[in-house]
Amino acid sequence: MKIKVLGPGCAKCKEAEKVVLEAVKESGVDATVEKVADFQQIASFGVFSTPAVVIDGEVKMVGKVPSKADVLSWLK
């Protein structure tokens, strides 16, 4: 499973990355988490508001920090 956290590094983007990493660790799912800060890469997903979370190429959330419960439900 490939997870991308999209954002330039603002406080909310860092919080989103932290929540995703905690959820992956808690779930035990084999996943790689990548932080994407490049605006062209972010826009290539059709995302124009950050933070955003993409799992296996599918945009799951845009413009807000997901809850850990949200992320855990996406990992199933």
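All of the points below concern the structure found in this document. (Residues numbered from 1 in each chain as written. Predicted model: local features only at pLDDT ≥ 70, side-chain atom pairs only at ≥ 80, totals over all residues. Heavy atoms only, no water.)

### Considering the nonpolar core
As a rule of thumb, nonpolar side chains are buried together in soluble globular proteins.
So, point 1. Counting 15 residues, the largest nonpolar core has Ile-3, Val-20, Val-71 and Leu-75 as the members making the most contacts within it.
So, point 2. Among the elements of the structure, strand S1 (2-6), helix H1 (11-27), strand S3 (52-55) and helix H3 (68-74) are those that each provide at least two residues to this core.
So, point 3. Take this core: its biggest share by element is five residues, from H1.
So, point 4. Residue contacts for Val-71: discarding those within four places in its chain leaves Val-19, Val-20, Ala-23 and Pro-66. (Core = buried A, V, L, I, M, F, W, Y, C linked by side-chain atoms within 4.5 Å. Buried < 20%, exposed > 50% of the residue type's maximum accessible area, 1.4 Å probe, protein only. Helix = DSSP H or I, 4+ residues; strand = E, 2+ residues; numbered from the N terminus. Contact = heavy atoms within 4.5 Å.)

### Here's the deal with the pairing of strand S2 (residues 32-36)
So, point 1. Bridge count for S1 against S2 is five bridges, and the pairing is parallel. Among the inter-strand pairings, Lys-4 is bridged to a residue of S2, identified as Glu-34.
So, point 2. Between S1 and its parallel partner S2, the chain crosses via H1, and the hand of that crossover is right-handed. (Pairing = 2+ DSSP bridges. Right-handed = clockwise from strand over helix to strand, strands pointing away.)

### Some points on the sheet that holds S1
Working definition: the strands of a sheet are paired by backbone hydrogen bonds and lie parallel or antiparallel to each other.
So, point 1. Ordered in space as S2-S1-S3-S4, the four strands form an open sheet in which the pairing is mixed. At either end of the open sheet lies a strand with only one pairing partner, and these are S2 and strand S4 (58-62). Strand-to-strand twist of the sheet, defined as the mean angle between neighbouring strand axes without regard to direction, takes the value 20°.
So, point 2. Its contacts with the sheet place H1 against S1, S2 and S3, and it is angled at close to 160° to S1. (Axes fitted to C-alpha atoms, helices over the stretch in contact; angles between N-to-C directions.)

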